[in-house]
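Listed below are the residues making up each chain.
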Amino acid sequence: MAEAADFPGTSPSPARRWLRRTGALLAGAPLLAGLFQLPAATLAQAADSGSVSVALDSLSPSAPTDGDTVTVTGTVTNNGKQAVTGAHVGLSLGSPLNTRSAIEDAAKSSTDTQAATGSEVGGKYVQKFSKLTPGVAEHFSISVPVDKLDLGDDGVYPFAVSLSGQTSAQPWDQVLGIQRTFLPWQPEEADTKTKTTFLWPLISTVHMTAETGSNEQQTPVFLNDDLAKEISAGGRLDQMLSLGKDLDVTWVIDPDLLASIDAMTGSYRIRSADGTTTTAGTHQAVAKAFLDELQSAVAEKDVVALPFADPDLASLAHNGTSVTGSLNHLNEATDVAATTVDTILHVTPSTDFAWPVDGAVDPSIVKVATSAGADKVIARSDSLQETGGLSYTPSAARPIGGGTTAVVADARLSKAFQGDLTKASDATLAVQEFLAQSLSLNLQTDDQRSIVVAPQRMPSARQAQAMATALTALQDGTWSASQDLTAAAKAKPDPGATTKVPSASSYPSSLRKQELPRSAFEQIARTQSSLESFKVVLTDQARVVTPFGRAMNREMSTSWRGRANAATSFRTGVEAYLYDITGQVRLIDKSDTKLSGRSATIPVTVQNNLVQGVDHLMLRLTSTSPTRLQIHGHDYFEQPIAVSGGHSQTVKFTTSAKANGQATVIAQLYTQDGQPYGAPVTFDVKVTEFTATVMLVIGGGFLLLVLAGFRMYTQRKRAAAREAQEDGPDEAADPTDGPENPEDPSDRLTEESGTGTRADDPEQPSDPTPDTAAESADPSGTGERVDR
């Protein structure tokens, strides 16, 4: 039977609705299948794109000119899971980049395969690989004449090395890996060249302790043997010296580094890892050779000496100025800088430059930096930023008020070599970006400018090599001329350049977190206070004051940034060592003492284990019970004392006992200004009894008094009797009357003095002399008796 027809206004029958839906589904199936396939293809392409890493190990010459041939070497590595077939490495060149920020942005996307790339040079200037196996690196080397690169006007050209090929999942040619860099192009000498100053820092971490030997030479002690590694062949500092001597640079030197290496040329010792022992250093020849080569390298060159040990100016400004004496250490570090460099290198350095960490400044840092006499502060353009909207990079010198000049280093150039450059490819990219930024800067304007490059303080050996490569290319190039830092600081400032120092709130928090805390400066102040008390008793102050003064300079070093635990350990070690040698001058402990008799001498011994003598000390002995025991007739008595090095000295005090019992006595050393020195020694003195002789003397005296009184009594009675006889005969006679007996002892008493002894009596033993034998350095024995 025929299906009923659909009429307008009526609903289709259920059978017709089912047929329509089925037809629609069948018709849409291919479309749905295509929709599902598109994301899969896209994902597959995304997975393959970038699956090959391209490492650009070298690009030579870095800044080509007419007639040169550019050679590129490197490796390609298939990091995917599928083999790459029909592959080749090609070179491509993009349109010139007109701004420095464009160069910076391009460097950030150097491996993006989706970013725009110029056309490939092609032809025979490619290297082909039939197959790239997963995980296998393949080397390439391509050379192309400059005239085949179609370079046009002067400028910075994006230069890419790419790997193209196909995989089984995507059997068509595509870019699977790329590495972009820059090709600076300035074939002719520029009409106006940028004057470029490159700082070459010879700075290291702290290596020497405050400890020195007791010999005449005061053999120095080093924390470890790391400095020997740095100056040995291939070491970091050896590389800095070997590379820098052939470059037009300004040497920026920490005098502490020179002093440390100079100390290694003689006898020196290395502290063990646990800090308990030392071993003899053996790198004297290496140290001497390094200094000899350095002397030759810096001759006739611009040399800037930082304050001794490179003090952390920002830490001092933010956390140390409120601690008494902190700025004095900066002044001392500045005072010894020139002398140290001149003595060791035989050159006169500039000492009027201050260099805060990373060139970051604020008003307090500038104030501290100039407080020690510097009138030039090396800042950086990412701190003292341009706010005037200049279309070019201004010269480095900026007057910032108070007669101070900020020498503003270019941030992009200064930070070009801060990365991990252990891989040759990373070093090559850093060199090319540095040259690109330098050329772009020169093309900004026809006005000549003075630009300063201040790299990181302690470049690694690989960073130093990259710096030298870039600087060599720059100095051999056509758009830059070398200039020393002193000349750059004197260059005419650009009137449109920023001269306002940023506020304290602008100081980078990342740098503030690494600063020395206030507690560090308080600890340094404690050490200084102890040193001041100690040095006044020394006969040769320089043996102690100089090494400890330099040690406190090292405690403030910039090299402690990021090494908080090591910094704390060093400060504590200096403080502990000073406490130890101060304790080498001390009182010998005494045990309790028994005292018989009314007077005696008490010996007190001072021991000096120092090499040098001590003087200007007072030894005070104090009785806490003066009613029982007195010292030289007083509550206390003090005597000056001087002790030769390595000796002991005994001082004797006369005491007098007033009563039996126990008295506590305190011995204490004092400096001449009345400050206690060292720990006191306390002991008890026990007056046990008066002796028999003393008792006889006292008894005899009492008897004489009684006899004298009896004599007076009898005389009065006899006088009274005589008066009675004269008055009348009847008065009874006194039975005591009679002639005076010449043997009567009372008669003899009238012939003596009031002391109650006969003049012709034998002489009584007097109190013995207070001298006693020198006391042992060991504590006196229990119940020690003191000579009367």
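Procedures and definitions
- Residues numbered from 1 in each chain as written.
- Predicted model: local features only at pLDDT ≥ 70, side-chain atom pairs only at ≥ 80, totals over all residues.
- Heavy atoms only, no water.
- Helix = DSSP H or I, 4+ residues; strand = E, 2+ residues; numbered from the N terminus.
- Buried < 20%, exposed > 50% of the residue type's maximum accessible area, 1.4 Å probe, protein only.
- Contact = heavy atoms within 4.5 Å.
- Areas by Shrake-Rupley, 256 points an atom, 1.4 Å probe, with all protein chains shown as cover.
- Pairing = 2+ DSSP bridges.
- Axes fitted to C-alpha atoms, helices over the stretch in contact; angles between N-to-C directions.
- Phe/Tyr/Trp six-rings, centres within 6.5 Å; stacked < 30°, edge-to-face > 60°.
- Lys NZ or Arg CZ within 6 Å of the ring centre and 35° of its normal.
- Parallel < 35°, antiparallel > 145°, perpendicular 65-115°, else oblique.
- Left-handed = near helix turned anticlockwise from the far one by under 90°.
- 1 Å grid on protein atoms, 1.4 Å probe; cavity = no way out; pocket = protein on both sides within 12 Å on 5 of 7 lines; lining within 4 Å.
- Points joined across faces, edges and corners; volume = space filled by probe spheres on them.
- pLDDT = per-residue confidence, 0-100.
- Core = buried A, V, L, I, M, F, W, Y, C linked by side-chain atoms within 4.5 Å.
- Polar contact = N/O pair within 3.5 Å; in protein donor to acceptor, adjacent residues only side chain to side chain.
- Nonpolar A, V, L, I, M, F, W, Y, C, P; charged D, E, K, R; others polar.
- Arc of directions from axis to C-beta.

### Structural notes on the overall build of the chain
Counting its regular elements, the chain contains 19 helices and 30 strands. Within the chain, buried positions represent 45% of all 788 residues. Here the analysis covers contacts within the chain between residues at least 6 apart in sequence; of these, 77% occur between residues at least 24 apart. Of the accessible surface of the chain, which amounts to about 37,900 Å², a share of 52% is contributed by carbon and sulfur atoms.

### Focus on the sheet that holds strand β9 (residues 208-212)
Spatial strand order, β9-β10-β12-β13: 4 strands in an open sheet with mixed pairing. The sheet is open, and its two edges are formed by β9 and β13 (278-280), each paired on a single side. Across the sheet, the mean angle from the axis of one strand to that of its neighbour is 35°, orientation sign disregarded. Where strand β12 (residues 269-271) and β13 come together, 3 bridges link them in antiparallel fashion. Bridging across to β13, R269 finds its partner in A280. Packing against the sheet, helix α5 (residues 255-264) makes contact with β9 and β10 (220-222), and its axis sits at approximately 110° to β10.

### A word on the packing of aromatic side chains
Considering all chains together, one arrives at 7 aromatic pairs under this definition. With a centroid separation of 6.1 Å and 50° between ring planes, the pair formed by F198 and W200 is classed as tilted. Judged by its relative accessible area of 0%, W200 is buried. With a centroid separation of 6.4 Å and 25° between ring planes, the pair formed by F534 and Y677 is classed as stacked. Of this pair, F534 sits in helix α15 (residues 518-535) while Y677 is found in strand β29 (residues 676-687), placing the two residues 143 residues apart along the sequence. Considered together, F534 and Y677 belong to a single accessibility category, that of buried residues. For R457, the ring lying beneath its charged end belongs to W355, and the centroid distance is 4.4 Å.

### Points about the packing of helix α2 (residues 100-108) against helix α11 (residues 424-442)
Angle between the axes and distance between the axes: these two values describe a pair of packed helices. The N-to-C vectors of α2 and α11 enclose an angle of 165°; their axes lie 9 Å apart at closest approach. Here α2 lies roughly antiparallel to α11, going by the angle between them. Considering the relative orientation of α2 and α11, their crossing is right-handed. Every residue of α11 that contacts α2 at R100, I103, E104 and A107 is listed here: E433, A436, Q437, S440 and L441.

### Brief notes about the sheet that holds strand β21 (residues 585-587)
Read from one edge to the other, the open sheet built from 4 strands follows the order β21-β23-β27-β25, with strand pairing classed as antiparallel. Edge positions in the open sheet fall to β21 and β25 (629-631), since each of these has one partner strand only. Averaged over all pairs of adjacent strands, the angle between their axes in this sheet comes to 30°, without regard to strand direction. Pairing of β21 with strand β23 (residues 599-608), which is carried by 3 bridges, proceeds in the antiparallel orientation. The residue of β23 that forms the bridge with V585 is N608.

### A closer look at empty space enclosed by the protein
For the structure on display, the rule yields 3 cavities of 30 Å³ or more. Along the walls of the largest cavity sit 15 residues, with P307, L313, L330, F353 and A354 positioned nearest its centre. Mapped by element, the contributors of at least two residues to the lining of the largest cavity are α8 (326-345) and β15 (353-354).

### Some thoughts on the confidence of the model for the chain
Looking at the chain, the pLDDT average stands at 86 and 83% of residues meet or exceed 70. For residues 1-47, every residue scores under 50 in pLDDT, and the model assigns this stretch 13 contacts once sequence neighbours within four places are set aside. Note that pLDDT drops below 50 for residues 729-788; the model gives that stretch 84 contacts with residues more than four away or on any other chain.

### A look at the nonpolar core
One finds F534 and F548 to be the most contacted residues of the largest nonpolar core, which totals 75 residues. No other element matches helix α17 (residues 564-582), which puts 6 residues into this core. Once residues lying within four places of it in the same chain are set aside, the contact partners of F548 are A210, L531, V574, Y577, L578 and I581.

### So, the side chain of R561
Assignment of secondary structure puts R561 in the loop between α16 (542-555) and α17. Reaching out from R561, the side chain makes a polar contact with the side chain of D312 at a distance of 2.7 Å. Beyond its immediate stretch of four places on either side in the chain, R561 contacts D312, A314, S315, V357, Y507, L511, Q514 and E515.

### Describing the packing of α11 against helix α12 (residues 461-476)
Contact pair α11 / α12: the axes reach a minimum separation of 9 Å and the direction vectors enclose 35°. In the packing of α11 onto α12, the handedness of the crossing is right-handed. Side by side, α11 and α12 meet where A424, A427, V431, F434, L435 and S438 of the first sit next to R462, A466, T469, A470, A473 and L474 of the second. Its residues assigned to classes, the contact of α11 with α12 comprises 9 nonpolar, 2 polar and 1 charged.

### A word on the pairing of strand β18 (residues 405-409)
Here β18 lies mainly inside the structure; 5 of its 5 residues are buried. Going residue by residue along β18, you find T405, V407 and A409 tucked away on one face and A406 and V408 tucked away on the opposite face as well. In this structure, strand β16 (residues 376-380) lies alongside β18, joined through 5 bridges in parallel fashion. Across the sheet, V377 pairs through a bridge with A406, a residue of β18. Note: strand β17 (residues 397-399) against β18, 3 bridges, orientation antiparallel. Its bridge partner lying in β18, P399 is registered against T405. Between β17 and β18, which pair antiparallel and follow one another directly, the connecting turn spans 5 residues, one of which, G401, has a positive phi of 100°.

### Focus on helix α9 (residues 363-371)
Note on helix geometry: an α-helix contains 3.6 residues per turn, so any two residues three or four positions apart are oriented the same way. All of the buried residues along α9 are I365, V366, V368 and A369. Each buried residue of α9 lies within a common arc of 165° when the element is viewed along its axis, so the set occupies one face. Elements that come into contact with the buried residues of α9 comprise α7 (313-320), α8, β15 and β16. G373 lies just past α9 and shows a positive phi near 110°.

### Some points on the environment of Q475
Inspection of the secondary structure puts Q475 in helix α12. Q475 sits 279 residues away from T196 along the chain, and the two C-alpha atoms are 9.1 Å apart. Not counting the four nearest positions on each side in its chain, Q475 is found in contact with L247, D248 and S482. Within the structure, the side chain of Q475 is placed 3.1 Å from the backbone oxygen of D248, a separation counted as a polar contact.

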